[in-house]
Amino acid sequence: MRKFMAALPLIGLLAVGSLGAAGQKVGNTKTVSFREEVEPLLKADCTGCHSGEAKQGGFSVEGTALFAGGMAFGKKVIVPGKPAASALIGYLRGKHQPQMPIGMPPLKEAQIQTIERWIAQGAKVDEVKLGWPYLAPTNPASPKLKNPVLRDEWVQNPIDSFILVKLEAKKLFPSPPADKTTLLRRVYLDLLGLPPTVKETDTFLSDTAPDAYEKLVDRLLADPRYGERWGRHWLDLMRFAETHGFEADNIRPRAWRYRDYVIRSFNTDKPYDQFLSEQLAGDLLPNRTADSLIATGFARLGSWDELSRDPEGRWQDYLNDATDTVGAVMLGMTVGCARCHDHKYDKISAKDYYKLQAFFANTRWSEERLPGEVDSPELIAKRESLHKQLQEKRTQLEAERAEKGDMEEPKRKRKKEGVEAEIDSLNRQLAPIDTVAEVITDKNTKPITHKVLVRGSLSTPGETVKPGYITSFCGGKDEEVMSGKARLELARWVASPQNPMTARVIANRLWQHHFGQGIVATPSDFGRNGSKPTHPELLDWLALELVRNGWSLKKLHKTILTSATYKQSVGTNPVAAKLDPANTLLWRQRRRRLEGEAIRDSMLAVAGQLNPQMAGPSIYPRVSGEVLATGSTHKWGSSPEDQQRRRTVYVFQRRSLSLPMTEVFDGPDMVNTCPKRQSTTIAPQALAMFNGEFGWEQARHFAERVAKEAGSDSAAQITLAYRLALVRKPTPAQLTQATAFLAKKAELHRTEKKASPEQAALADFCHVLFNTNEFLYAD
């Protein structure tokens, strides 16, 4: 936090000046907005010493009453019309010592000049103006295109018009469409996270009907694997994990129910407004269901310090986490920045933050029996037996932890881990028959009050607030909620078509996953510090289209996927690359690396090993002893071999230990909401793919499948391997190279006395295909 000198009484920013610091006239005649240009600078660089109770020098940058005249060592802080005579400018430029901000780099010249021009123009405090994104989306006018050929032949839906009009302004052209094979693999990976089979490829390539691609999109959106793929994106946002985190990192045995709820919701195309309402207030809905009750568990997914000796502080951490998650995920704003003071950059006050938090202040954590579940006497007896065994083992574990005998530490550790393993096993047996969910409910229906925490600390409570909405999202009105079912009102507000953020934010997230970057590149920060939208009119059109179609995400997917913009190839263009190197105008499609989950799932699918079983308690793939040795607690269970081959979305999510394949390819940290995965290129990725046990194991299965389906002819084997892994046939040159590779490797394995040198060579070749960029990236 940049600091102004404590002795400087900066309480006079309403004066006017006409000269710059060097005594020259400030030449730029453009009116400077205090709200939009000056206030953000003051908040960013001054709040450390000049906000809240820290009004050093008698000056605060919060509120408008502070601009009311003042003196500093006989100099006016602001001299009407004279920036050069204003003490503020003197201190910022270092003409008065010490230069401000103290102990920090000085403001940039352009920033100081902005303040000088504002003073010269009268230092007027303009009214708060609510612009984008604080105003609800409005129907944008249809773009007027100049090129009639592209308008008539390239544009396939309104998306393309919004893209093309900006390309025309830069005299750029869209790229040619991707070939059918490339487009097929792209849309499969986008919607399912898996490559198409050879049969699926042949079916699409042989369909010459004009609507062949549209029918393909419909089939994929109806495929249950779609929910597994897109549910994972939502779980990233909701910091989903199945343990509490911190030192103990104990298991949340029923957290998997939330994961399955999300996957079901995506597969049934649950209206997005309903999807949000169930999570915010599913326990309060008049038509409460098992799913709506499970949905509320999103608020409990954050880290929880079980060993904390400060229960009040721990509960406040939960409230902060739930508030920040709602703000970032559903509203696309960094509301957490207003926890300690008014947001420095966005129109969100600390009072707004605690009004939003107040919706959760009356909640309690509860384990609720799911409505509609019918238990047999046998099931009840089995559940009671498992509960009894669990209690006994937990008692034993507490005793083991408390024991301080002469037993050697390694032996004590092994004994404790053995008990923990038994508890894990019992939890896994109990999970599918224990019809209970981890949810939140209200303590009572009394009116809710909550405290603003000055500087975010429980030790400094401030004014009392009631549940209410972010003022800037309500046209500047300070709206509070009196209802006893406050979260239900929150759900209605968040999921309302009139809310300026909700539809925009989710439409941008869909765009992000189809193009590698959102129209707003910072998908959980639409504010001043986030990226500006590249196509704001298009984003508004998408948001309104979502609402017009009953908040159907699948219909919005189809609109995006059937656009000419999406179907472009990834090929580059030197002219376009020079004018728009970041491809913000979308003159081509972006090449995107697959996430760790999609890489692992694709390897299993290509090798013929993927178990398609959906839902239920999480599974534990085999993890090396070296990885398991990294912690002091029992971290991992074991699942039957067939269960280990299920999709990665069903892998147990432990905060202190991630599946190595997911972690090395930039998986989420499961502590914070993850709006966008990173895409790094690091040596451990190559080591995991080329040296890892999983990669070699799947390559052997891949080779066995190829040999079984293609026979012993090497050309047939190579062609099938290419088609399975890369969804295309090899080129003649690649076929020649691969044939030579197989012969050379087979000869090498013969000298090594391998039992089946040809099969070992084929496994080597399959392993190479897994390690190609073409396998790891979607074009």
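Coordinates for the structure precede this section.
Residue positions within a chain follow its written sequence, with the count starting from 1. The model is predicted, so local features are restricted to residues of pLDDT at least 70 and side-chain atom pairs to those at 80 or more, both for listing and for counting; the totals for chains, interfaces and linings are taken over all residues. For the side-chain quantities, the full set of heavy atoms in the structure was used; hydrogens and water were omitted.

1. Describing the pattern of salt bridges
Move 1: What makes a salt bridge here is a side-chain nitrogen of Lys or Arg within 4 Å of a carboxyl oxygen of Asp or Glu, nothing more. Enumeration over the complete set of coordinates arrives at 48 salt bridges.
Move 2: With a shortest N-O distance of 2.6 Å, Arg264 and Asp291 are connected by a salt bridge. Taken together, the residues span a long stretch of sequence, with Arg264 in helix 10 (residues 256-267) and Asp291 in helix 12 (residues 290-295) at a distance of 27 residues.
Move 3: Each residue is placed in one exposure class: buried if its accessible area under a 1.4 Å probe, protein chains only, is under 20% of its type's maximum, exposed if it is over 50%, and partly exposed if it falls in between. Look at Arg264 and you get partly exposed, because its relative accessible area is 35%.
Move 4: Salt bridges here are not isolated pairs; linked through shared partners, they connect Arg254, Arg300, Glu367, Arg369 and Asp434. Runs of H or I in DSSP of at least four residues are treated as helices and runs of E of at least two as strands, each being numbered from the N terminus.

2. Let's talk about the packing of helix 18 (residues 502-515) against helix 20 (residues 553-561)
Move 1: One way to put it is that helix 18 packs onto helix 20 with a least axis distance of 11 Å and a crossing angle of 45°. The angle between the axes of helix 18 and helix 20 places the two elements in the oblique class. The crossing of helix 18 and helix 20 is right-handed. Across the interface between the two elements, Ile506, Ala507, Leu510, Trp511, His514 and Phe515 of helix 18 pack against Leu553, Leu556, His557, Ile560 and Leu561 of helix 20.
Move 2: Looking at side-chain class alone, the contact of helix 18 with helix 20 contains 9 nonpolar, 2 polar and no charged residues. All axes here are fitted lines through C-alpha atoms, helices being fitted over the stretch that makes contact, and every angle between N-to-C directions spans 0 to 180 degrees. To sort the angles, those under 35 degrees are grouped as roughly parallel, those over 145 as roughly antiparallel, those from 65 to 115 as roughly perpendicular, and the leftovers as oblique. Less than a right angle of anticlockwise turn of the near helix away from the far helix marks a crossing as left-handed, whereas a clockwise turn marks it as right-handed. Two residues form a contact once any of their heavy atoms are found within 4.5 Å. Each residue gets one of three labels, nonpolar for Ala, Val, Leu, Ile, Met, Phe, Trp, Tyr, Cys and Pro, charged for Asp, Glu, Lys and Arg, and polar for the others, Gly among them.

3. Thoughts on the side chain of Gln644
Move 1: One can find Gln644 in helix 24 (residues 641-644).
Move 2: Think of a polar contact as two N or O atoms within 3.5 Å of one another; within protein, one of them needs to be a possible hydrogen donor and the other a possible acceptor, and neighboring residues in sequence only count if both atoms come from side chains. Polar side-chain contacts of Gln644 include one of 2.9 Å to the backbone nitrogen of Arg622.
Move 3: Excluding residues that lie within four positions of it along the chain, Gln644 makes contacts with Arg600, Ile619, Tyr620, Pro621, Arg622 and Ser639.

4. Remarks on the packing of aromatic side chains
Move 1: Pairing of aromatic rings covers Phe, Tyr and Trp, the last counted by its six-membered ring, and requires centre-to-centre distances within 6.5 Å; plane angles under 30 degrees mean stacked, over 60 mean edge-to-face, and any other angle means tilted. Here the structure, examined in full by the defined rule, presents 32 aromatic pairs.
Move 2: Between Tyr318 and Trp365, the aromatic rings sit 5.5 Å apart at their centres with planes inclined by 85°, giving edge-to-face as the arrangement. Pair noted here: Tyr318 is in helix 13 (residues 311-330) and Trp365 is in strand 5 (residues 363-369), with a separation of 47 residues, a long-range link.
Move 3: Between Phe359 and Tyr469, the ring centres sit 5.8 Å apart and the planes meet at 15°, which makes this aromatic pair stacked. Of this pair, Phe359 sits in the loop between helix 14 (350-358) and strand 5 while Tyr469 sits in the loop between strand 8 (461-465) and helix 17 (486-494), placing them 110 residues apart in sequence.

5. Focus: the packing of helix 6 (residues 180-191) against helix 8 (residues 212-222)
Each pair of packed helices can be described by the angle between their axes along with the distance between the axes.
Move 1: The contact between helix 6 and helix 8 brings their axes to 10 Å, and the two run at 25°. Taken as axis vectors, helix 6 and helix 8 run roughly parallel relative to one another. As for how helix 6 packs across helix 8, the hand of that crossing is right-handed. Every residue of helix 8 that contacts helix 6 at Leu183, Leu184, Val187, Tyr188 and Leu191 is listed here: Tyr213, Leu216, Val217, Leu220 and Leu221.

6. A few points about helix 6
Move 1: Here the expected span of a helix is defined as 1.5 Å times the quantity of residues minus one. For helix 6, built from 12 residues, the straight-helix expectation of 16 Å at 1.5 Å per residue is met to within 8% by its first-to-last C-alpha distance of 16 Å.
Move 2: Within helix 6, 9 of the 12 residues are buried, leaving the element largely enclosed by the surrounding structure.
Move 3: Within the sequence span of helix 6, burial applies to Leu183, Leu184, Arg185, Arg186, Val187, Tyr188, Leu189, Asp190 and Leu191.
Move 4: Where helix 6 begins, the capping side chain belongs to Asp179, and its oxygen is found 3.1 Å from the backbone nitrogen of Thr181.
Move 5: Just past helix 6, the residue Gly193 takes up positive phi, approximately 75°.

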